[in-house]
Amino acid sequence: MEKIKEIINTVLANRGKAPITDINNDSHLRNDIGFDSLDLAELTVRLEAEFDIDIFEDGIVNTVGEIQTKLAPL
Amino acid sequence: MNILVTGVSRGLGLELAKTLINEGHNVYGLSRNKSSELENLLHLHPDRIKWLSYNLSNSTDVKNIIFKEWIGHNTPIHGFVNNAALAYDDIITNLNMTKLEEMYKVNVFTPLEITKYVIRHMLLHNVKGSIVHLSSISVHTGYKGLAMYASTKGALEAFSKNTAREWGEKGIRSNIIVSGFMETDMSEGLNVQQKERIYKRTSLKKATDVNSVAETIVFLLSNKACSITGQNIHVDSGTI
């Protein structure tokens, strides 16, 4: 979870947005964290570079919990 | 800068690779085969040009073979030049679906897939990169026998315009070179009379200079062109 939070904050910083301090499995990527489609694309790329899994390859991911599920096989 | 170029074995791609190397850039070149000229370039500049044999009719291995295994996550890509193309020419009433599908794979589908991973790579490295697609004057001025070929290039023009709009906010630019007929292998099927007819339609009354096209591409890749995106730049001896 810490690594995911770190990557989320990198993406936020690259768009000049404030970092988040708390996230949980219910945190919504668009509604709570404030990501738009370009941010989600960057998030995907950074997660893939770290975990070697493309979280959007087979469907939309909405929450931090859903990212955890996608990365779960690891 | 690290520049990914398709079709580097001959013609414009080879000229572009030489120009990029002369300007101090690193070339990541793709082509099906290694020509003797390309072999020579690789030998002269082993530290400036990397080459991978890849057939662009294969769109399924773009991610794994080109980006994961060859370029790798850690190498930033600053520019992509979609240069390679198949030119299948015939009149429309003879359209052959197998040849048409092959041409669409090489000219459109695989370059679009490569663009997907180029943009992803640019996002990973925070690179404000530049994408240049090669189009053809045949899109804008019809030529008998080139309807199918021109349709693939028209698709790239639309794709580039929308790439520019979609990714401009991230500083990623996309432009088109609308090239006239050059004296390369691509137009070797034309006889002298056909070439003369084509050149007569240009303002300069001659073939488009390969070096002029290569230099314009290098300009569009560079920061000098940082305010140019979503454009079609005609380098075509003034075909009007």
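Scroll up to find the structure this text is about.
Quick look at the structure, then. Within every chain, residues take consecutive numbers counted from 1 along the sequence as written. Chains carry letters from A onward and ligands carry numbers from 1 onward, assigned in written order. Reporting of local features is limited, given that this is a predicted model, to residues whose pLDDT is at least 70; pairs of side-chain atoms are given and counted only at 80 or more, and all residues count toward the totals for whole chains, interfaces and linings. Values reported for side chains reflect all heavy atoms of the structure, with hydrogen atoms and water molecules removed beforehand.

Points about the pairing of strand β4 (residues 79-82) of chain B
Walk down a regular strand and you will see the side chains alternate between the two sheet faces. All names here are of chain B. To be explicit about the condition: Burial classification: accessible surface area is computed with a 1.4 Å probe over protein chains only, and a residue below 20% of its type maximum counts as buried, one above 50% as exposed, and the rest as partly exposed. Helix and strand labels come from DSSP, where a helix needs a run of H or I of at least four residues and a strand needs a run of E of at least two; each type is numbered from the N terminus. Two strands make a pair as long as DSSP finds a minimum of two bridges between them. Looking down the strands as they point away from you, a crossover is right-handed if its path from the first strand over the helix to the second goes clockwise.
Going residue by residue along β4, you find G79 and V81 tucked away on one face and F80 and N82 tucked away on the opposite face as well. Across three bridges, the pairing between strand β1 (residues 2-6) and β4 is parallel. Counterpart to V5 in the pairing with β4 is V81. With four bridges connecting them, β4 and strand β5 (residues 130-136) associate as parallel partners. Bridge assignment links F80 to a residue of β5, and that residue is I131. Chirality of the crossover, the property in question, places the unit of β4, helix α4 (residues 97-124) and β5 among those that are right-handed.

So, the pairing of β5 of chain B
Residues and elements named next belong to chain B. Among the seven residues of β5, seven are classified as buried, and the element is accordingly described as predominantly covered. Because side chains alternate across β5, one face comprises the buried residues S130, V132, L134 and S136, and the other comprises I131, H133 and S135, equally buried. Sheet topology note: the β5/strand β6 (residues 173-179) ladder contains seven bridges and is parallel. Bridged to I131 within β6 is S174. Crossover handedness for the path β5 to helix α5 (residues 147-167) to β6: right-handed.

Side note on unusual backbone geometry
At D52 of chain A, a residue that is not glycine, the phi angle is positive and equals roughly 65°. When you line up the elements, D52 of chain A lands in the loop between α2 (37-51) and α3 (64-71). A positive phi angle is found at S237 of chain B, which is not glycine, with a value near 60°. Given the relative accessible area of 9%, S237 of chain B is considered buried.

Brief notes about the packing of helix α1 (residues 11-22) of chain B against helix α7 (residues 210-221) of chain B
Residue and element names in this part refer to chain B. Formally: Lines are fitted to the C-alpha atoms to define the axes, a helix being fitted only along its stretch in contact, and any angle between axes, read from their N-to-C directions, falls within 0 to 180 degrees. Roughly parallel means an angle under 35 degrees; roughly antiparallel means over 145; roughly perpendicular covers 65 to 115; every other angle is labelled oblique. We call a crossing left-handed when the near helix sits turned anticlockwise from the far one by less than a right angle, and right-handed when that turn is clockwise. In this description, contact between two residues means that some pair of their heavy atoms is separated by no more than 4.5 Å. Amino acid classes used here: Ala, Val, Leu, Ile, Met, Phe, Trp, Tyr, Cys and Pro are nonpolar; Asp, Glu, Lys and Arg are charged; the rest, including Gly, are polar.
Remark: α1 packs on α7, axes separated minimally by 9 Å, with the N-to-C direction vectors making an angle of 55°. What the angle tells us is that α1 and α7 run oblique. Here α1 runs over α7; the crossing is right-handed. Judged by residue contacts, G11, L12, E15, L16, T19 and L20 of α1 engage V210, N211, V213, A214, E215, I217, V218 and L221 from α7. The residue makeup of the contact of α1 with α7, split by class, is nine nonpolar, three polar and two charged.

What is shown is where atoms sit, not what they do.
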